[in-house]
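Coordinate inspection notes
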Amino acid sequence: MSYKSIFMALLALAWSTAFAQDSLISNITSREATSLNGRWQYIVDPYETGFYDYRFKERREDDPEAYWNRAEQANRTERKEHGYSGKYELEVPGDWNHQQPQFVYYEGSIWYKRSFDFIKHKEGSRYFLYFGAVNYRADVYLNGKKLGMHKGGFTPFNFEIPASLLKEKDNFLVVKVDNRRYADEVPTLNTDWWNYGGITRDVKIVELPQSFIRDFVLQLKKTSSSEAEGYVKFNGTPSPVTIEIPALKLKQQVPVSNGEVKFSFKLPKAELWSPEHPKLYDVVITSSSDKVTDKIGFRTVEARGKHVLLNGKPIFMRGICIHGEIPQDVRRAYSDEDARQLLGQARELGCNMVRLAHYPHDERMVRLADSLGILVWSEIPVYWTINFGSAEVLEKAKAQLTEMITRDHNRASVIIWSVGNETPVSPVRTNFMHNLITRAKELDGTRMVSAALEVNYNSGKDLNMVDDPLGEFVDLVAFNEYLGWYGGLPDKCRTTNWGTIYDKPFFISETGAEAKAGFHGDSLTRFSEEYQEWFFKEQLDMLSRMPENFCGITPWLLADFRSPKRNNPFYQEGWNRKGMYDDKGNKKKAFYILKAWYDSKRP
Ligand code: GCB
């Protein structure tokens, strides 16, 4: 090991211990919880006055001017320069940008405060405060004490609340949310989507026994349709467990062995989960002090030779990329209804698959995909020009990858973990991405791992080869191409062919063109619905010449979305218009072209 790598490793270790948080509790939806969703009071703090004193030193925990401390004026002579009031409230979950006009472009810190009473159900319980997601950095304080800090805008996290700190009446919970972008974060400064800030997903307190089931995996073995395997992880002392699947009359005892609870057993009569038959089974896992339930589908998925095999049979993925946004309200998606809208629109288009770009979406999306039978590509926001040379940034990306996989590793719908999008080829980047792929495979050996790669489609050659060195490490070679939008006109598709040097399944993870709904012209008129329609006709014709390993496509994308990079004053006005649906939910002409093609591809 060189001095440089020792130094980098130490730095990474220091970083991970400095910001260590409690390991993520998975399957949170099956836990009884006290919701803290609703109206929270706020203070906007662009100068971070609540966090730093006038010498810009972090405030002491008991500093009365720290915004995490109670702020009521005790008497009329007391000077108070901050406070929470019912005049200033935001809805949680929800980004702040859409809630009040003055926040539409705000990037900075906002302090959220919520007072609440709490009923403890059992003596001797443990309490965890759980956040579905906060974008980007959350500093969390309860009754004046810091519970922890978390970075990463799209994954869940939890902090243990010391039982003595949680009161029956009038708890004072404060979360400082900071959504500023930085070069050394994940994502970095530059993305093609709006950086919505706030407590964007559910907040709750879960009450758990001293030793509880923190996480478990129960899945079919990678290539066996009748053998299940997995493990149960505890927070506290592990105990033997019983796994039950009542519909299969299955009851399996699993002992603790060498401190671990791991299992593998036959599951002979299970009906397999698939898009055509999204069968889910109730699963109950009981330990000596805890019990969790879940609904789990059993299926196998693998990249073998030229194909992706689902339950042993080749599958063609009729997909669409989706951003976690509800365009008609100009906001982030967070509810059951939002998930139904997005996946419902994808189904109308004829999809059997979605790429949830470019970050993990709300857990509701993958749970609904499980019950609708929609395959999912799930991704972390390692997007474009991350600082690939930094050991610290790699740790941040790994943390988000771990949280994504831990949350969703029992979802049959999820078949691909993606470690990033359009990252520029260089040895440093390939090493970084390879590290992420290795980590994803350590965490979950049953799913495919991929990344959306780039290819130079302006090379002027008739045959464009995907030869990114990362192709060696992924299971599925996926690439983005915009031939006819960023390069030339759509008729270029007539003479262009695609291939890859890797003998692996081949997938188009993006292609698309912009159209302002309701703007019409001839097919040569940029931003007209006719241009986008022509683009898709040419693209889809081209696909008939794809090589044998071509296994699917997720065009860019379901619906128009907010992007500060899109500033054409007539057609874009701050929106990326590549949607099949516009920002009001209307279908554009291209929708029908893609839908007809998908209908022709159904098995
Ligand atoms: C891409 C990116 C996506 C962009 C899209 C576009 O390649 O992956 O995030 O929004 O192109 O519209 O240019």
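Basis of the calculations
Residues numbered from 1 in each chain as written. Predicted model: local features only at pLDDT ≥ 70, side-chain atom pairs only at ≥ 80, totals over all residues. Heavy atoms only, no water. Helix = DSSP H or I, 4+ residues; strand = E, 2+ residues; numbered from the N terminus. Buried < 20%, exposed > 50% of the residue type's maximum accessible area, 1.4 Å probe, protein only. Contact = heavy atoms within 4.5 Å. Axes fitted to C-alpha atoms, helices over the stretch in contact; angles between N-to-C directions. Parallel < 35°, antiparallel > 145°, perpendicular 65-115°, else oblique. Left-handed = near helix turned anticlockwise from the far one by under 90°. Near = heavy atom within 4 Å. Polar contact = N/O pair within 3.5 Å; in protein donor to acceptor, adjacent residues only side chain to side chain. Nonpolar A, V, L, I, M, F, W, Y, C, P; charged D, E, K, R; others polar. Pairing = 2+ DSSP bridges. Salt bridge = Lys/Arg side-chain N within 4 Å of Asp/Glu carboxyl O. UniProt positions renumbered as here; feature names shortened; annotations may be inferred. 1 Å grid on protein atoms, 1.4 Å probe; cavity = no way out; pocket = protein on both sides within 12 Å on 5 of 7 lines; lining within 4 Å. Points joined across faces, edges and corners; volume = space filled by probe spheres on them. Domains from an automatic or database assignment.

1. Side note on the environment of R60
- One can find R60 in the loop between β2 (38-44) and β3 (89-92).
- Judged by relative accessible area, R60 falls into the exposed class, the value being 57%.
- Beyond its immediate stretch of four places on either side in the chain, R60 contacts A66 and W68.

2. Regarding the packing of helix α4 (residues 391-408) against helix α5 (residues 427-443)
- Where α4 contacts α5, the two axes come as close as 10 Å, and the packing angle between them is 30°. Here α5 runs roughly parallel to α4, going by the angle between their axes. As for how α4 packs across α5, the hand of that crossing is right-handed. Of α5, the residues touching α4 (which contributes V393, L394, A397, K398, L401, T402 and I405) are F432, N435, L436, R439, A440 and L443.

3. Overview of the site of the ligand
- Contacts to the ligand come from 14 residues, most closely from D192, Y383, E422, Y486 and K578.
- One of the side-chain nitrogen or oxygen atoms of H358 is found 2.6 Å away from an oxygen atom of the ligand.
- Taking E510, its side chain carries an N or O atom lying 2.7 Å from an oxygen atom of the ligand.
- For the shell around the ligand, the residue count by class is five nonpolar, four polar and five charged.

4. Some remarks on the pairing of strand β4 (residues 109-116)
- In terms of burial, β4 is a largely internal element, seven of the eight residues being buried.
- Pairing between β2 and β4: four bridges, direction antiparallel. Bridge pairing links Y42 to Y112 in β4.
- Bridging between β4 and strand β10 (residues 171-178) involves eight bridges; their strand directions are antiparallel. Note on β10: the bridge partner recorded for R114 is L173.

5. Side note on the pattern of salt bridges
- By the definition in use, this model includes 56 salt bridges.
- Between R566 and D192 there is a salt bridge; the shortest N-O distance is 2.7 Å. Remark: D192 occurs in the loop between β10 and β11 (198-199) and R566 occurs in the loop between β35 (561-562) and β36 (575-576); sequence separation between them is 374 residues.
- Judged by its relative accessible area of 14%, R566 falls in the buried class.
- If you follow the salt bridges from partner to partner, you end up with R201, D202, D336, D362 and R364 in one network.

6. A look at the UniProt feature "domain: Glycoside hydrolase family 2 catalytic" (unreviewed entry) in the protein
- Under the present numbering, the feature "domain: Glycoside hydrolase family 2 catalytic" (unreviewed entry) in UniProt falls on residues 301-575.
- With 27% helix and 25% strand, the stretch residues 301-575 has end C-alpha atoms that lie 36 Å from each other.

7. Some remarks on the side chain of K578
- Its location among the elements puts K578 in the loop between β36 and α7 (589-601).
- Of note is the side chain of K578, whose polar atom sits 3.1 Å from the side chain of Y486.
- Dropping the residues within four chain positions of it, K578 is found in contact with Y482, W485, Y486, G512, A513, E514, Q532, W556, L557, D560, R566 and K588.

8. Quick look at the layout of surface pockets
- Looking at the second largest pocket, its volume works out to about 520 Å³.
- In terms of lining residues, the second largest pocket is bounded by 22 residues, among which R31, E32, K122, E207 and P209 are the most central.
- Of all the secondary-structure elements, those providing two or more residues to the lining of the second largest pocket are β1 (33-35), β12 (203-208) and β19 (291-296).
- Broken down by element, the lining of the second largest pocket gets its largest block of residues, four residues, from β12.
- Each of two domains, domain 1 (23-208) and domain 2 (223-299), supplies a minimum of three residues to the lining of the second largest pocket.

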